[in-house]
Amino acid sequence: MREEVFSPLLNKEELDPNYKTSVIIEYIRSLRLHKLRISYYYYEIVIQILLRCNALFKLHQLVQFQVLGDSAPLACLLLSLDKSYEPAFMLGIDMLKRLNDTSGIIEALLRKNDVTAAIKYACSFDKEDSLDAQKFLQSAADSGDNALFYSTYRFFVSRNERVRKCTEFTKEEGVEEFVALYQSLFHEI
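Residues numbered from 1 in each chain as written. Predicted model: local features only at pLDDT ≥ 70, side-chain atom pairs only at ≥ 80, totals over all residues. Heavy atoms only, no water.

Enquirer: An account of the nonpolar core is needed here, citing residue identities and associated values.
Expert: With 60 residues, the main nonpolar core has Ile-24, Leu-68, Leu-78 and Phe-136 as its most contacted residues. A total of eight residues in this core trace back to one element, the largest contributor, which is helix 3 (residues 40–52). Ignoring sequence-local partners within four residues, the contact set of Phe-136 consists of Ile-106, Leu-110, Val-115, Ala-118, Ile-119, Leu-131, Thr-152 and Phe-156. (Core = buried A, V, L, I, M, F, W, Y, C linked by side-chain atoms within 4.5 Å. Buried < 20%, exposed > 50% of the residue type's maximum accessible area, 1.4 Å probe, protein only. Helix = DSSP H or I, 4+ residues; strand = E, 2+ residues; numbered from the N terminus. Contact = heavy atoms within 4.5 Å.)

Structure (structure tokens):
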């Protein structure tokens, strides 16, 4: 189907991009109706066409109304589009939430240096004890926001005290550079 029907269709430059996307979406709908597996390839083609003709709002609608089914690769693609279409990031987060991918959401928030939201999200699932302090402290340090770094550092110190009954980090956590940064910025031991 891909080689005989869709490749020739997609290679015809004279065809309207809306027509191309309509044909593929109808094929996806048909597969879904007959409960057949839908290859990510078809979602990717629709997305590429919409990106080429800058139809980002249409992409938004297709994802929001779940015409394009939820999948981790599609969520990652949406997260990566946030520079060209800011709402795509939230669509990706929503999709990861529907997929119950807590760690994916936390990672995405950290990549945007939204450390506070990542910590709050982890805490809402009682995952704060298993958080990787190094990732969070790195993201907070990369943000250049000293107040964010301070609050992130203090969060992990409090966690250490609650979990291990001491405020120090273990050598295995690999946060020595952040301890030194904290001490240099805030002159605390």
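Still more ground to cover, so stick around.
Enquirer: Would you mind going over the state of the cysteines in detail, with residue names and values included?
Expert: Taken as a whole, this structure holds zero disulfides when the rule is applied. No disulfide involves Cys-123; its sulfur sits 19 Å from the nearest other cysteine sulfur, which is in Cys-166. A relative accessible area of 27% means that Cys-123 is categorised as partly exposed. (Disulfide = S-S within 2.5 Å.)

Enquirer: Outline the packing of helix 7 (residues 102–111) against helix 8 (residues 115–124), supporting the account with residue identities and numerical values.
Expert: At a minimum axis distance of 8 Å, the contact between helix 7 and helix 8 shows a crossing angle of 165°. Put simply, helix 7 runs roughly antiparallel to helix 8. When the axes of helix 7 and helix 8 are compared, the crossing they make is left-handed. Contacts between helix 7 and helix 8 involve Thr-102, Ile-105, Ile-106, Leu-109 and Leu-110 on the former and, on the latter, Val-115, Ala-117, Ala-118, Tyr-121 and Ala-122. Tallied by class, the residues present in the contact of helix 7 with helix 8 amount to nine nonpolar, one polar and no charged. (Axes fitted to C-alpha atoms, helices over the stretch in contact; angles between N-to-C directions. Parallel < 35°, antiparallel > 145°, perpendicular 65-115°, else oblique. Left-handed = near helix turned anticlockwise from the far one by under 90°. Nonpolar A, V, L, I, M, F, W, Y, C, P; charged D, E, K, R; others polar.)

Enquirer: Break down helix 8 for me, with residues and values.
Expert: Residues lying three or four places apart along an α-helix face the same way, a consequence of the helix completing one turn every 3.6 residues. Taken together, the buried positions of helix 8 are occupied by Val-115, Ala-118, Ile-119, Tyr-121 and Ala-122. Summarising the axial view, the buried residues of helix 8 lie within an arc of 165°, below the 170-degree limit, and thus occupy one face. What points out from helix 8, more than 90 degrees from its buried face, is the exposed set Lys-120 and Ser-124. Downstream of helix 8 by a residue or two, Asp-126 has a phi angle that is positive, lying close to 55°. (Arc of directions from axis to C-beta.)

Enquirer: Break down the side chain of Glu-173 for me, with residues and values.
Expert: Within the secondary structure layout, Glu-173 lies in the loop between helix 10 (146–164) and helix 11 (176–186). Overall, Glu-173 belongs to the buried group, its relative accessible area being 14%.

Enquirer: Explain helix 2 (residues 17–33) residue by residue, including any values.
Expert: Between its first and last C-alpha atoms helix 2 spans 24 Å; for 17 residues at 1.5 Å apiece the expected length is 24 Å, and the two agree. Among the residues of helix 2, Lys-20, Thr-21, Ile-24, Ile-25, Tyr-27, Ile-28 and Leu-31 are the ones counted as buried. Seen from one end, helix 2 has its buried residues packed into an arc of 155°, which puts them on one side. Check the buried side of helix 2 and you find it contacts helix 1 (2–11), helix 3 and helix 4 (56–64). Trailing helix 2 by a residue or two, Lys-35 shows a phi angle of about 55°, which is positive. (Expected span 1.5 Å × (residues − 1).)

Enquirer: Give me the lowdown on the pattern of salt bridges, citing residues and values where you can.
Expert: Taken as a whole and assessed by the stated rule, the structure comprises seven salt bridges. When the shortest N-O distance is used, the salt bridge between Lys-112 and Asp-82 registers 3.2 Å. In this pair, Lys-112 sits in the loop between helix 7 and helix 8 while Asp-82 sits in the loop between helix 5 (72–80) and helix 6 (87–98), placing the two residues 30 residues apart along the sequence. Residue Lys-112 is classed as partly exposed on the basis of its relative accessible area, which comes to 39%. Asp-82 sits in the buried class, given a relative accessible area of 14%. Between Arg-162 and Asp-129 there is a salt bridge, and its shortest N-O distance comes to 2.8 Å. Here Arg-162 is found in helix 10, whereas its partner Asp-129 is found in the loop between helix 8 and helix 9 (133–143), with 33 residues between them in sequence. The class for Asp-129 is partly exposed, based on a relative accessible area of 42%. Members of the salt-bridge network, linked through shared partners, are Arg-159, Arg-164 and Glu-173. (Salt bridge = Lys/Arg side-chain N within 4 Å of Asp/Glu carboxyl O.)

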